[in-house]
Amino acid sequence: MIIDVHSHLGEDCVFDEELDERGLLDAYERNGVDGGIVQPYLPRIYMEDHVAIHNRIYELTKTKEKKIWGMASINPHFRPDDYDKEAYRCIKELGFVGIKITPIGHATHPSSKDAFHVWEVCRELKVPIMIHTGAGIPFSDPISVEKALEAFPDVTCVLAHAGSEMHNQQATYLARKFENVFLEPSWVGVIGVSNMIKQVGCTKILYSSDNVHNMPVELAKYRELIKNKDDLDNVLYKNAVRIYNLKI
Ligand SMILES: [Zn+2]
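Residues numbered from 1 in each chain as written. Predicted model: local features only at pLDDT ≥ 70, side-chain atom pairs only at ≥ 80, totals over all residues.

Trainee: Tell me about the pairing of strand β9 (residues 181-184), and please be specific about residues and values.
Mentor: Residue alternation in β9 divides its side chains into two sets, V181 and L183 and F182 and E184, and both sets are buried. Sheet topology note: the strand β8 (residues 157-160)/β9 ladder contains 4 bridges and is parallel. Within the sheet, the bridge partner assigned to V158 lies in β9 and is F182. Read from β8 through helix α7 (residues 164-177) to β9, the crossover connection turns out right-handed. (Buried ≥ 20, exposed ≤ 12 C-beta atoms within 10 Å, placed from the backbone. Helix = DSSP H or I, 4+ residues; strand = E, 2+ residues; numbered from the N terminus. Pairing = 2+ DSSP bridges. Right-handed = clockwise from strand over helix to strand, strands pointing away.)

Shown next as structure tokens:
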């Protein structure tokens, strides 16, 4: 089985990207991926646009073609009452399994006051927080997450892109130091991923595509680097099932 913990749907007004339901499901089929956790491409900064893309993802979770779960992504600078209302709706009513902060897209330092509110919501709702790291320094430098990690040792944190190619040493450092930190190394080169495997092991690393054209590339990295089947299964789906409490 293969589960992708980080894919997108919709139209992104920050990164100028776009993907529809058919494009995602077909890519999963082409690559032998059983499904994934889908989050919004970054919508415009109106709550109604956030609600609309979350609803669209919720509709996709009902498909019989693949196993799809939702992840909420809400701009942390909305008023806390508005933020909470949509976060609770996504997790409690739509059954979403996590919440994302994209520091570069949300203009949010991951240890800032508004980000701390998101961490508190994740703690209350008992879902992992995913934080984009890599592109968008200094907010997206994995080290920017450290202060929050010290304050929230009970909130599971997945570092999306694990710092990417330039900053994966910092992400690996955090995953070694904090029990609740996991790495999702999409876009990290094979040498960086190889170092991660040596330093934190395969129980802390999660497969993801982030982009449909990157799906086979990411799979090739792990299949080349990990020869033990149990280790590979951990990275390809078992860690995701455990961390996000997925029913498969
Ligand atoms: Zn992404």
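Trainee: Explain the sheet that holds strand β1 (residues 3-12) residue by residue, including any values.
Mentor: Sheet strands line up and pair through hydrogen bonds in the backbone, either parallel or antiparallel. Here 4 strands make up an open sheet; going across it, the order is β2-β1-β3-β4 and the pairing mixed. Each edge of the sheet is formed by a strand with only one pairing partner; in this case those strands are β2 (17-19) and β4 (67-70). Averaged over all neighbouring strand pairs, the angle between strand axes comes to 45 degrees, with direction disregarded. In this structure, β1 lies alongside strand β3 (residues 35-40), joined through 5 bridges in parallel fashion. In the sheet register, S7 faces β3, and the bridge partner there is V38. On the sheet, helix α1 (residues 21-31) packs against β1, β2 and β3 and is oriented at approximately 155 degrees with respect to β1. (Axes fitted to C-alpha atoms, helices over the stretch in contact; angles between N-to-C directions. Contact = placed C-beta atoms within 7 Å.)

Trainee: Please give an account of helix α8 (residues 190-200) that cites residues and values.
Mentor: Here α8 has its buried residues at G192, V193, M196, I197 and V200. Take α8 and look down its axis: the buried residues cluster within an arc of 140 degrees, on one side only. In this structure, α8 carries I191 and K198 as exposed residues pointing more than 90 degrees from its buried face. The inward-facing, buried residues of α8 abut α7, β9 and α9 (215-225). (Arc of directions from axis to C-beta.)

Trainee: Could you give an account of the packing of helix α2 (residues 47-61) against helix α3 (residues 80-93), with specific residues and numbers?
Mentor: Put simply, α2 and α3 touch, their axes get as near as 11 Å, and they point 5 degrees apart. On the basis of their axis angle, the class for α2 and α3 is roughly parallel. Taken together, the residues of α3 that come into contact with α2 (itself represented by M47, H50, V51 and H54) are D82, E86 and C90. Within the contact of α2 with α3, the residues separate by chemical class into 3 nonpolar, 2 polar and 2 charged. (Parallel < 35°, antiparallel > 145°, perpendicular 65-115°, else oblique. Nonpolar A, V, L, I, M, F, W, Y, C, P; charged D, E, K, R; others polar.)

Trainee: Quick rundown of the sheet that holds β9? Include the residues and the values.
Mentor: Pairing is parallel in the open sheet, where 5 strands are placed in the order β5-β6-β7-β8-β9. Either end of the sheet is taken by a strand with one partner, and the two such strands are β5 (72-73) and β9.

Trainee: Quick rundown of the environment of V118? Include the residues and the values.
Mentor: Inspection of the secondary structure assignment puts V118 in helix α5 (residues 113-125). The buried category is assigned to V118, around which 26 C-beta atoms lie within 10 Å. Counting along the chain gives 75 residues from V118 to P43, while the straight-line C-alpha distance between them is 18 Å. Excluding anything up to four places from it in sequence, V118 contacts P76, I99, I101 and I129.

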